[in-house]
Amino acid sequence: IDVERFTPGPPEPDLRARWSPDGAPVLLTASRLVRWKGIEYAVQALARLPSSSAPRLVIAGDGPYRSDLEAQARRLGVAGRVHFEGALPAERMCAAYRSADLVLGTSFVNETFGITLCEAMACTRPIIASDFGGFREVVADGETGRLVPPQDPDALATAIADLLADPVR
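Residues numbered from 1 in each chain as written. Predicted model: local features only at pLDDT ≥ 70, side-chain atom pairs only at ≥ 80, totals over all residues. Heavy atoms only, no water.

### Digging into the packing of helix α2 (residues 39-48) against helix α7 (residues 153-165)
For the pair α2 and α7, interaxial distance at closest approach is 8 Å and the crossing angle is 60°. With respect to α7, the element α2 is oriented oblique. By crossing handedness, the relation of α2 to α7 is classed as right-handed. Counted together, Y41, A42, Q44, A45 and R48 of α2 and P153, D154, L156, A157 and I160 of α7 form the full contact between these two elements. Along the lines of polarity and charge, the residues of the contact of α2 with α7 split into 7 nonpolar, 1 polar and 2 charged. (Axes fitted to C-alpha atoms, helices over the stretch in contact; angles between N-to-C directions. Helix = DSSP H or I, 4+ residues; strand = E, 2+ residues; numbered from the N terminus. Parallel < 35°, antiparallel > 145°, perpendicular 65-115°, else oblique. Left-handed = near helix turned anticlockwise from the far one by under 90°. Contact = heavy atoms within 4.5 Å. Nonpolar A, V, L, I, M, F, W, Y, C, P; charged D, E, K, R; others polar.)

Printed below as a string of structure tokens:
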């Protein structure tokens, strides 16, 4: 990764205000919107979180699965908490990572490494990722992030709630 571009820093106020005007926690996933990226499990996990924490889910990316994800968010009653950012240019991704409270990697096939997780880590963002493929090379569970079973929105929701409840971690 480009460690000159992806560096620690404060959230970007304009992004935070747009994504979470009420100051709720922000979850970010960044990928092409295709089925195997598992973003539907992030939407399902969001619906399982208690309304007291009410985080927002920002989906950075575009692709053929977007309309399905939008329909799923409406069906689960969380459409107002899901923000489809669209594809961001590489030079804007650092600001996006820095403006999130947690970064999610939810792929369940074809993931050989996990470059977005490395970029987020370089920006000092906490990671929750599927315990799958190359994500295991990037995330040491309990040390550099959390790993959860793939395609398990309950486990993902629990990991999100645990980390949001413990800001130091």
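There's more to say after this.
### Brief notes about a nonpolar patch on the surface
Together, I1, V3, F113 and I115 make up a nonpolar patch on the protein surface, roughly 350 Å² of accessible area in all. Of note, V3 is situated in the segment before α1 (13-19). By relative accessible area, V3 is classed as exposed at 54%. (Patch = residues over 30% accessible without salt bridge, like charges linked within 9 Å, V, L, I, M, F, W, Y side chains within 5 Å. Areas by Shrake-Rupley, 256 points an atom, 1.4 Å probe, with all protein chains shown as cover. Salt bridge = Lys/Arg side-chain N within 4 Å of Asp/Glu carboxyl O. Buried < 20%, exposed > 50% of the residue type's maximum accessible area, 1.4 Å probe, protein only.)

### Thoughts on the pairing of strand β5 (residues 127-130)
Working note: regular strand, side chains alternate between the two faces of the sheet. Strand direction decides the pairing type here: strand β4 (residues 102-105) and β5, joined by 3 bridges, are parallel. Residue pairing for β5: V103 is matched across the bridge by I127. Where β5 lies against strand β6 (residues 146-148), 3 bridges are found, and the strand directions are parallel. Considered in β6, the bridge of S130 is made with V148. (Pairing = 2+ DSSP bridges.)

### Notes on the side chain of R16
Within the secondary structure, R16 sits in helix α1. Looking at R16, its side chain comes within polar contact range of the main-chain oxygen of A24, at 3.4 Å. Filtering out sequence-adjacent residues up to four positions away, R16 remains in contact with P11, P21, G23, A24, P25, V26, S99, A100 and D101. (Polar contact = N/O pair within 3.5 Å; in protein donor to acceptor, adjacent residues only side chain to side chain.)

### Side note on helix α5 (residues 115-122)
Three or more residues of α5 are buried, namely L117, C118, E119 and A120. Packed against the buried residues of α5 are α4 (90-98), β4, β5 and α6 (135-138). In the stretch just after α5, T124 is the one whose phi turns positive, near 60°.

### Side note on unusual backbone geometry
Within the chain, T124 stands out as a residue other than glycine whose phi angle is a positive 60°. Mapped onto the secondary structure, T124 falls in the loop between α5 and β5. The exposure class of T124 is partly exposed, given its relative accessible area of 43%. Phi at Q151 is positive, roughly 60°, even though this residue is not glycine. Along the chain, Q151 turns up in the loop between β6 and α7. Assessed through its relative accessible area of 40%, Q151 is described here as partly exposed.

### A look at the pattern of salt bridges
Inspection of the entire model under this criterion finds 12 salt bridges. With a closest N to O distance of 3.8 Å, D162 and R146 form a salt bridge. Of this pair, D162 sits in helix α7 while R146 sits in strand β6, and the two are 16 residues apart along the sequence.

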